[in-house]
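Letter by letter, the chains look like this.
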Amino acid sequence: MEPRAPDEASNDPPSDQGSRFFGGSTVVVGHRGDPARHPENSLAGVMAGLAAVGRVEIDLRLTADGRLILSHDPETAGRAIAESTWSMLAHSDAPTCLLDEVLAIPGHLDLELKNLPGEPGFDPEGRMALMVASRARSSDILTSFYWPDMDLIRRYAGGVPTGLLVGEGGSAPDALAHAVDRGHRAIVLHHSLIDGGLCRAASEACIEVMAWTVNSVDKARELSGMGVTAIISDDPRSIYAGLRE
């Protein structure tokens, strides 16, 4: 499949579940921005990634005073994010970025919710999931390893596209079955879980297959040939250029 150029990507997903969110072409997504050139989950990285390929994935966590910030880890600068206010984090040694700052930039975002059992601030009621869903734009997709949050969004914010994240030891068929059953748009899989049969089954069900984290051009080409519609990479510029060759 030919990769879709950043300026060719549709700004709005189709209104019916039977259509393709990514338009059926392979797109490249910057993993936490453009970490090959900027700190991950930083405003500069997000801007660079969007300028390069039009799409980035970012990680979101909720502060003690209800602010949504970009962070992969539950702690930053030695502080637990769920137990710290935005003011405390903003004045720490590690720069932080608010989701609202990122949403002001035109582009397509994969908003990964970091609300995981066993981590500080875990909320089984899904408060953060609904907060993010209320802010997401039609061109964005929400994803999580904690599938109940995505199911909650499907029930109460059904117009927001959602995807199910699966780690290296997880089951891609289970994710696909769950996505079909609950109406999710995508399964977001560690690249080792993907094969042609899975991609064909997902395509027949109109479910997108997103692969993470792919930093080899050869692997990206292989996945694109299988029918993967989104490739998440730490070096999105190089992967995009390699797919265009």
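For the structure given in this document, a descriptive report is provided here. The structure displayed is predicted, hence computed values, not measured ones. (Residues numbered from 1 in each chain as written. Predicted model: local features only at pLDDT ≥ 70, side-chain atom pairs only at ≥ 80, totals over all residues. Heavy atoms only, no water.)

1. Things to note about the packing of helix α5 (residues 147-156) against helix α6 (residues 172-182)
The geometry of a pair of packed helices is captured by two quantities: the angle between their axes and the separation between those axes. Where α5 meets α6, the axes come as close as 11 Å, and the angle between the chain directions of the two elements is 20°. Here α6 runs roughly parallel to α5, going by the angle between their axes. Read as a crossing pair, α5 and α6 show a hand that is right-handed. Residue-level inspection shows Trp 147, Asp 151 and Arg 154 of α5 in contact with α6, the latter providing Asp 174, Ala 175, His 178 and Arg 182. (Axes fitted to C-alpha atoms, helices over the stretch in contact; angles between N-to-C directions. Helix = DSSP H or I, 4+ residues; strand = E, 2+ residues; numbered from the N terminus. Parallel < 35°, antiparallel > 145°, perpendicular 65-115°, else oblique. Left-handed = near helix turned anticlockwise from the far one by under 90°. Contact = heavy atoms within 4.5 Å.)

2. Overview of the nonpolar core
In terms of nonpolar packing, the biggest core is built from 55 residues, with Ile 58, Leu 111, Leu 142, Ile 187 and Leu 189 touching the most fellow members. Element by element, the count of residues in this core is highest for helix α4 (residues 127-135), at five residues. Among all residues touching Leu 189, those that are not within four sequence positions of it are Val 166, Ala 172, Ile 194, Leu 198, Val 209, Met 210, Ala 211 and Trp 212. In this structure, Phe 22, Val 29, Ile 141 and Ala 186 belong to the second largest nonpolar core, which totals twelve residues. (Core = buried A, V, L, I, M, F, W, Y, C linked by side-chain atoms within 4.5 Å. Buried < 20%, exposed > 50% of the residue type's maximum accessible area, 1.4 Å probe, protein only.)

3. Observations concerning the layout of surface pockets
Here the largest pocket defines a volume of roughly 280 Å³. Along its surface, the largest pocket is lined by 15 residues, and Glu 40, Asn 41, Leu 70, Thr 76 and Pro 95 are the ones closest to its centre. Listing elements by their share of the lining of the largest pocket, those giving two or more residues are β3 (68-70) and β4 (75-76). Here the residues of the lining of the largest pocket are counted per class, giving six nonpolar, six polar and three charged. Of the voids in this model, the second largest pocket is the one considered here, and its volume is about 220 Å³. Contributing to the lining of the second largest pocket are 17 residues, with Leu 62, Ala 82, Pro 120, Gly 121 and Phe 122 lying nearest its centre. Taken together, the elements giving at least two residues each to the lining of the second largest pocket come down to β2 (55-62) and α4. Grouping the amino acids of the lining of the second largest pocket by side-chain chemistry returns nine nonpolar, three polar and five charged. (1 Å grid on protein atoms, 1.4 Å probe; cavity = no way out; pocket = protein on both sides within 12 Å on 5 of 7 lines; lining within 4 Å. Points joined across faces, edges and corners; volume = space filled by probe spheres on them. Nonpolar A, V, L, I, M, F, W, Y, C, P; charged D, E, K, R; others polar.)

4. Points about the pairing of strand β8 (residues 162-166)
With respect to burial, β8 is a largely interior element, five of its five residues being buried. Residues Thr 162, Leu 164 and Val 166 of β8 are buried on one face, and the alternating residues Gly 163 and Leu 165, pointing to the opposite face, are buried as well. Pairing analysis gives three bridges linking strand β7 (residues 141-144) to β8, with the strands arranged parallel. Pairing of Ser 144 across the sheet is with Leu 164, part of β8. Following the chain from β7 across α5 to the adjacent parallel β8, one finds a crossover that is right-handed. (Pairing = 2+ DSSP bridges. Right-handed = clockwise from strand over helix to strand, strands pointing away.)

5. Here's the deal with the pattern of salt bridges
Following the criterion strictly, the structure yields 14 salt bridges and no others. Residue Arg 32 pairs with Glu 40 through a salt bridge whose shortest N-O separation is 3.0 Å. Residue Arg 137 pairs with Asp 140 through a salt bridge whose shortest N-O separation is 3.0 Å. Salt bridges linked by common partners bring Asp 34, Arg 37, Asp 235 and Arg 237 together as one network. (Salt bridge = Lys/Arg side-chain N within 4 Å of Asp/Glu carboxyl O.)

6. Digging into the packing of aromatic side chains
For the structure shown, the criterion picks out three aromatic pairs. Plain terms: the ring middles of Phe 21 and Phe 22 are 5.1 Å apart, the flat faces sit at 75° to each other, and that makes the pair edge-to-face. With relative accessibility at 7%, the residue Phe 21 sits in the buried group. You can call Phe 22 buried: its relative accessible area is 4%. Centre to centre, the rings of Phe 122 and Tyr 146 are 5.2 Å apart; their planes meet at 90°, and the pair counts as edge-to-face. Residue Phe 122 is located in the loop between β6 (108-113) and α4, and its partner Tyr 146 is located in the loop between β7 and α5; the two are separated by 24 residues in the primary sequence. (Phe/Tyr/Trp six-rings, centres within 6.5 Å; stacked < 30°, edge-to-face > 60°.)

7. Observations regarding the side chain of Ser 144
Looking at where Ser 144 falls in the secondary structure, it is placed in strand β7. With a relative accessible area of 0%, Ser 144 lands in the buried category. Only 2.9 Å separates the side chain of Ser 144 from the backbone nitrogen of Tyr 146, close enough to count as a polar contact. Excluding residues within four positions of it along the chain, Ser 144 makes contact with Leu 113, Met 150, Gly 163, Leu 164 and Leu 165. (Polar contact = N/O pair within 3.5 Å; in protein donor to acceptor, adjacent residues only side chain to side chain.)

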